[in-house]
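# Structural description and commentary
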Amino acid sequence: MELCNKKIGEAEFMASRGEVLAQWPTGAGVNLDIAADFHRSLPKEKIFSLKLKAAKERGETLIQPRAGVALVSEHIELLTYLQDHGEADLLPTTIDSYTRQNRYKEAADGIEESVKQGKSMLNGFPAVNHGVDSCRMLVESLNLPLQIRHGTPDARLLTEISYAGGFTSYEGGGISYNIPYGKNVALETTIRDWQYVDRLTGLYEEMGISINREPFGPLTGTLVPPCISHSVAIIESLLAAEQGVKNITVGYGQCGNLTQDVAAIRTLEELTEAYLKEYGYEDVVVTTVLHQWMGGFPQDEAKAFGVISWGSAAGALAKATKIIVKTPHEAMGIPTKEANAQGLRCTKQLISMLADQRLENPDISEEKAIIAAETRCIMDKCFELGEGDIARGAVRAFQSGVIDVPFAPSRFNAGKMLPARDNNGAVRIFAPGAIPLSKDLLDFHAQKIEQRAQSEKRVASFQMVIDDVYAISKGRLVGRP
């Protein structure tokens, strides 16, 4: 059957569901009716969608860390610390790399080795191996809503166990958890697998249980032009809404120029809402998340706090619904729980100081207009390529380079578009590849890059791109020679 953006029928879904649950023994512990009852028993303060909706209505910005270890008791201890000492508003469960690749036997070995060593030997929480009851134990032990964060091309079994276990938010999508993470996985396959995830979310919604879905906004995380990440977020939102998802958080990875970052968050929300309504999805609640700088970090902790603070300010001034927080140990690997909590408290302080401020100026208005125009150029072409169907259009857009994610490992990504910063540090398009921008937009980007080249007294070249990738880790935003 050809891929299309159409709600999966009940018979088709249930037929594939049996195969999914049989992938690992813990799948036998999933029962939809019992799971629904467990969700109904949760207090309101543990439900992600409700907390996000309330924050949006009040204009508040929430904070959320990344965190995950191998064993249930240690994971509860870690998240309790971030809840109590980090002042987190929302909690994560970051999934380990073996589970992300559906390698559950290796994850089981990692659990066993973690018990022997007395420390986590996995880089996250192996939720599939721990199963439904352990996930419920985790949910019951904490006072805040919990989200699964991972990076899994085929996340169907992980979704089943996570939802049955009481998680009320789930990150990822068929594009955003493929192109930045895998090399050889076809987009048709991952979009279809994530339609299963979204249809399952829709089934819970039909039972009165609203589970938040969050496309992964930053993609490769380094110098991604807003129009690229916005297009992916909008596409994944449309795909999710078709399957019955009613609560969606669209994300953006901080680029570093305050004007561009504020404009990007605001246009992301506006454009996503507009496209959902245009295609008939009137009752979807859209919220936003800003991911603090996803590129290289300074090794010096004091300097790292500077980077964290800058991301906090951008998210707060843009009025993002939540911020995903980095730690001062970002350059050194997995942080201690104390360092993780410090990053959270630093972010909370900035948000509190800026809560009564909203940044408005002509530069932001101009940048919003540019981002919106660029994104619409890409989205229009995607619908054209798909002959009105955005699932088909997304696949063909990547095949033709209409959507092109910089620095992505996937062989299904063209890799011809290159970004670089302009003289003010905003991310522009240095080499457009086949990105279908209008001539005036392409001229705008070329002029911005040339202005920087003249200021630096050098020819605009690929060296600018390299310099910009490493700039923040060296203490600058723009990679000057």
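Here is a short report on the structure shown in this document. Owing to the predicted nature of the structure, the values given are computational and were not obtained by experimental measurement. (Residues numbered from 1 in each chain as written. Predicted model: local features only at pLDDT ≥ 70, side-chain atom pairs only at ≥ 80, totals over all residues. Heavy atoms only, no water.)

## Quick notes on the overall build of the chain
Put simply, the rule reads: Under the DSSP-based scheme used, a helix requires at least four consecutive residues in state H or I and a strand at least two consecutive residues in state E, with every element numbered from the N terminus. Only C-alpha atoms enter the radius of gyration, while the globule expectation follows 2.2 Å times N to the 0.38, with N the number of residues. Burial classification: accessible surface area is computed with a 1.4 Å probe over protein chains only, and a residue below 20% of its type maximum counts as buried, one above 50% as exposed, and the rest as partly exposed. We call two residues in contact whenever any of their non-hydrogen atoms come within 4.5 Å of each other. Within this scheme the basic residues Lys and Arg register as positive and the acidic residues Asp and Glu register as negative, but His and the chain ends are omitted. Think of each charge as sitting on NZ of Lys, CZ of Arg, CG of Asp or CD of Glu.
Looking only at helices and strands, the chain has 17 helices and ten strands in total. Against the compact-globule benchmark of 23 Å for 481 residues, the chain has a radius of gyration of 21 Å, which places it among compact chains. Principal-axis analysis of the C-alpha atoms gives the chain an extent of 65 × 50 × 40 Å. Looking at the chain as a whole, 60% of its 481 residues qualify as buried. The long-range share in the chain, meaning contacts at least 24 apart out of those at least 6 apart in sequence, stands at 75%. Between the averaged position of the 51 positive side-chain charges in the chain and that of its 61 negative side-chain charges there is a distance of 3 Å.

## A short note on unusual backbone geometry
Phi is positive for Leu219, close to 55°, though the residue is something other than glycine. Relative to the helices and strands, Leu219 is located in the loop between strand S5 (212-214) and helix H10 (226-242). Judged by relative accessible area, which is 5%, Leu219 ranks as buried. The phi dihedral of Glu387 falls on the positive side, at around 50°, and the residue is not glycine. Within the fold, Glu387 resides in the loop between helix H14 (362-385) and helix H15 (390-400). We classify Glu387 as exposed; its relative accessible area is 65%.

## Describing helix H11 (residues 258-278)
We apply this condition: One fewer than the residue count of a helix, multiplied by 1.5 Å, yields its expected span. Counting of polar contacts relies on pairs of N or O atoms within 3.5 Å, with two restrictions inside protein: one atom must be capable of donating a hydrogen and the other of accepting it, and residues adjacent in sequence are counted only when both atoms are side-chain atoms.
Across its 21 residues, H11 extends 30 Å between first and last C-alpha, which sits within 8% of the 30 Å expected from 1.5 Å per residue. With 15 of 21 residues buried, H11 is to be regarded as a mostly interior element. Where H11 begins, the side chain of Asn257 points an oxygen toward the backbone nitrogen of Thr259, at a separation of 3.1 Å. At the C-terminal side of H11, Gly280 shows a positive phi close to 95°.

## Concerning the nonpolar core
Threshold: In plain words, nonpolar cores are sets of buried Ala, Val, Leu, Ile, Met, Phe, Trp, Tyr and Cys residues tied together by side-chain atoms within 4.5 Å.
Membership of the largest hydrophobic core comes to 125 residues, with the highest contact counts inside it found for Ile175, Tyr204, Ile228, Ile235 and Ile403. Ranked by residue count, the leading element in this core is H10, at ten residues. Other than its neighbours up to four places away in sequence, Tyr204 contacts Leu32, Ala35, His39, Tyr163, Ala164, Ile209 and Ile211. Trp293, Ala304, Ile308 and Cys346 belong to the second-largest nonpolar core, a separate cluster that totals seven residues.

## Remarks on the environment of Ala471
Positionally, Ala471 belongs in helix H17 (residues 462-471). The class for Ala471 is buried, based on a relative accessible area of 4%. Along the backbone, Ala471 and Asp363 are 108 residues apart, and their C-alpha atoms lie at a distance of 24 Å. If we skip the residues at most four places from it in the chain, Ala471 touches Arg476, Leu477, Val478 and Gly479.

## Here we look at the packing of aromatic side chains
The cut-off we apply is this: Only Phe, Tyr and Trp rings take part, Trp by its six-membered ring, and two of them pair if their centres are within 6.5 Å. Stacked means planes under 30 degrees apart, edge-to-face means over 60, and tilted covers everything else. Either the NZ atom of lysine or the CZ atom of arginine qualifies as a charge over a ring when it sits within 6 Å of the ring centre and within 35 degrees of the ring normal.
Within this structure, the stated rule accounts for ten aromatic pairs. With a centroid separation of 5.4 Å and an interplanar angle of 85°, the aromatic rings of Tyr163 and Tyr204 are classed as edge-to-face. Here Tyr163 is found in helix H8 (residues 156-164), whereas its partner Tyr204 is found in helix H9 (residues 187-206), with 41 residues between them in sequence. Taken together, the aromatic side chains of Tyr163, Tyr170, Tyr177, Tyr181, Trp194, Tyr204 and Phe216 make up a single cluster linked through ring pairs. The ring of Phe38 carries the charged tip of Arg136 above its face, separated from the ring centre by 5.1 Å. Between the NZ or CZ atom of Arg156 and the centre of the ring of Tyr196, over which it lies, the distance is 5.9 Å.

## A look at H14
Taking 1.5 Å per residue as the helical rise, H14 with its 24 residues ought to reach 34 Å, and the 35 Å between its terminal C-alpha atoms agrees with that figure. Every buried residue of H14 is accounted for by Ile364, Glu367, Ile370, Ile371, Ala372, Glu374, Thr375, Ile378, Met379, Cys382 and Phe383. Contact partners of the buried residues in H14: H10, H11, H15, strand S10 (427-431) and helix H16 (439-456). Capping the start of H14 is the job of one residue whose side-chain oxygen sits 3.0 Å from the backbone nitrogen of Asp363: Asn361. One or two steps after H14, the chain reaches Glu387, where phi turns positive at roughly 50°.

## Digging into the packing of helix H4 (residues 72-84) against helix H13 (residues 337-354)
Put simply, the test is: Fitted lines through C-alpha atoms serve as axes, helices being fitted only where they are in contact, and the angles separating the N-to-C directions of these axes extend from 0 to 180 degrees. Oblique is the label for any angle not covered by the other classes, which are roughly parallel (under 35 degrees), roughly antiparallel (over 145) and roughly perpendicular (65 to 115). Left-handed is the label given to a crossing in which the near helix is rotated counterclockwise from the far helix by less than a right angle, and right-handed is the label when the rotation is clockwise. Each residue is assigned to one class: nonpolar for Ala, Val, Leu, Ile, Met, Phe, Trp, Tyr, Cys and Pro, charged for Asp, Glu, Lys and Arg, and polar for all the others, Gly among them.
Where H4 contacts H13, the two axes come as close as 9 Å, and the packing angle between them is 30°. Of the possible angle classes, the one that applies to H4 and H13 is roughly parallel. Like other packed secondary-structure pairs, H4 and H13 cross with a definite hand, here right-handed. Between H4, through Leu78, Tyr81 and Leu82, and H13, the contact on the second element is made entirely by Lys337, Glu338, Asn340, Ala341 and Leu344. Along the lines of polarity and charge, the residues of the contact of H4 with H13 split into five nonpolar, one polar and two charged.

## A few points about the pairing of strand S7 (residues 285-291)
The test is simple: Two strands make a pair as long as DSSP finds a minimum of two bridges between them.
The element S7 is extensively covered by neighbouring structure, given that six of its seven residues are classed as buried. Pairing geometry for S7 and strand S8 (residues 322-324), over three bridges, is parallel. Within S8, the position partnered with His291 by the bridge is Ile324.

## As for the pattern of salt bridges
The criterion, for reference: Throughout this description, the term salt bridge denotes a Lys or Arg side-chain nitrogen within 4 Å of a carboxyl oxygen of Asp or Glu.
Throughout the structure, instances matching the rule amount to 35 salt bridges. Of the charged contacts, one joins Arg103 and Glu106 as a salt bridge, the two residues approaching to 3.3 Å between their closest N and O atoms. Relative accessible area serves as the criterion here: at 29%, Glu106 is assigned to the partly exposed category. In this structure, the salt-bridge partner of Lys246 is Asp283, at a minimum N-O distance of 3.0 Å. Residue Lys246 is located in the loop between H10 and strand S6 (247-253), and its partner Asp283 is located in the loop between H11 and S7; the two are separated by 37 residues in the primary sequence.

Keep in mind that these numbers describe shape and distance, not what the molecule does.
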